[in-house]
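# Structural overview
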Amino acid sequence: MYVLEVPENQGVLDVAEQDAGLALDYVGPYVRITSAAPIVIDRRATGCRHAVWYSAVAGLENSVVTQHDKDALRVEAR
């Protein structure tokens, strides 16, 4: 999963960084978040408002979004 590295998305990145099961690396202006297990990010933990939350995913690589609602974002391998 790719997230654009901008101040609005920092809450998503902060939560991802705290999860030991996730790996973050930088690809240009994006942060690529990868994991052997599904990626699950709790919206409330990010502090993101709904508009930012629903626009945080910039791209996917060999994966699919299986949940993206007011509670959580879940990305799983395709």
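Predicted model only: the values in this text are computed from it and were never measured. The written sequence of each chain sets the order in which its residues are numbered from 1. For a predicted model such as this one, the threshold for reporting local features is a pLDDT of at least 70, and the threshold for listing and counting side-chain atom pairs is 80 or more; totals across whole chains, interfaces and linings nevertheless cover every residue. Note that water and hydrogens are dropped before the side-chain values are worked out from all heavy atoms of the structure.

### Side note on the overall build of the protein
The way it works is that DSSP assigns letters per residue, a run of H or I at least four long becomes a helix, a run of E at least two long becomes a strand, and they are numbered from the N terminus. Along the protein, the regular secondary structure elements total 3 helices and 7 strands. Whereas a compact globule of 78 residues would reach a radius of gyration of roughly 12 Å, the protein reaches 11 Å, a difference of no more than 12%. Principal axes of the C-alpha set define a box for the protein whose edges measure 25 × 25 × 20 Å. When contacts within the protein are restricted to residue pairs at least 6 apart in sequence, those whose partners lie at least 24 apart make up 53%. Values of the radius of gyration come from C-alpha atoms, whereas the globule rule sets the reference at 2.2 Å times the count of residues to the power 0.38. Only heavy atoms matter for contacts: two residues are in contact if any of them lie within 4.5 Å across the pair.

### Here we look at the layout of surface pockets
Computed over the protein atoms alone on a 1 Å grid, cavities are sets of points where a 1.4 Å probe fits but cannot get out and pockets are open sets with protein on both sides within 12 Å along at least five of seven lines; a residue lines them when it has an atom within 4 Å of a point. Grid points are joined across faces, edges and corners, and a volume is the space filled by probe spheres set on the points. In this structure, the largest pocket encloses a volume near 180 Å³. Lining the largest pocket we find 16 residues, and of these Ser35, Ile39, Glu61, Ser63 and Ala77 sit closest to its centre. The set of elements that each furnish at least two residues to the lining of the largest pocket consists of β3 (30-34) and β7 (72-77). By the convention adopted, Pro, Cys, Tyr, Trp, Phe, Met, Ile, Leu, Val and Ala count as nonpolar, Lys, Arg, Asp and Glu as charged, and the other residues, Gly among them, as polar. Counted by class, the lining of the largest pocket contains 9 nonpolar, 4 polar and 3 charged residues.

### A closer look at the sheet that holds strand β4 (residues 39-42)
The rule for pairing is simple: two strands pair if DSSP sees at least two bridges between them. Spatial ordering of the open sheet is given by β4-β7-β6, a layout of 3 strands whose pairing is antiparallel. Each end of this open sheet is capped by a strand with a single partner; those strands are β4 and β6 (63-68). Neighbouring strand axes in the sheet, compared pairwise and without regard to direction, differ in orientation by 15 degrees on average. Here β4 pairs with β7 via 4 bridges, running antiparallel. If you follow Ile41 over to β7, its bridge partner there is Leu73. Only the contacting stretch of a helix is used when fitting its axis, a line to C-alpha atoms as for every element, and angles between N-to-C directions run 0 to 180 degrees.

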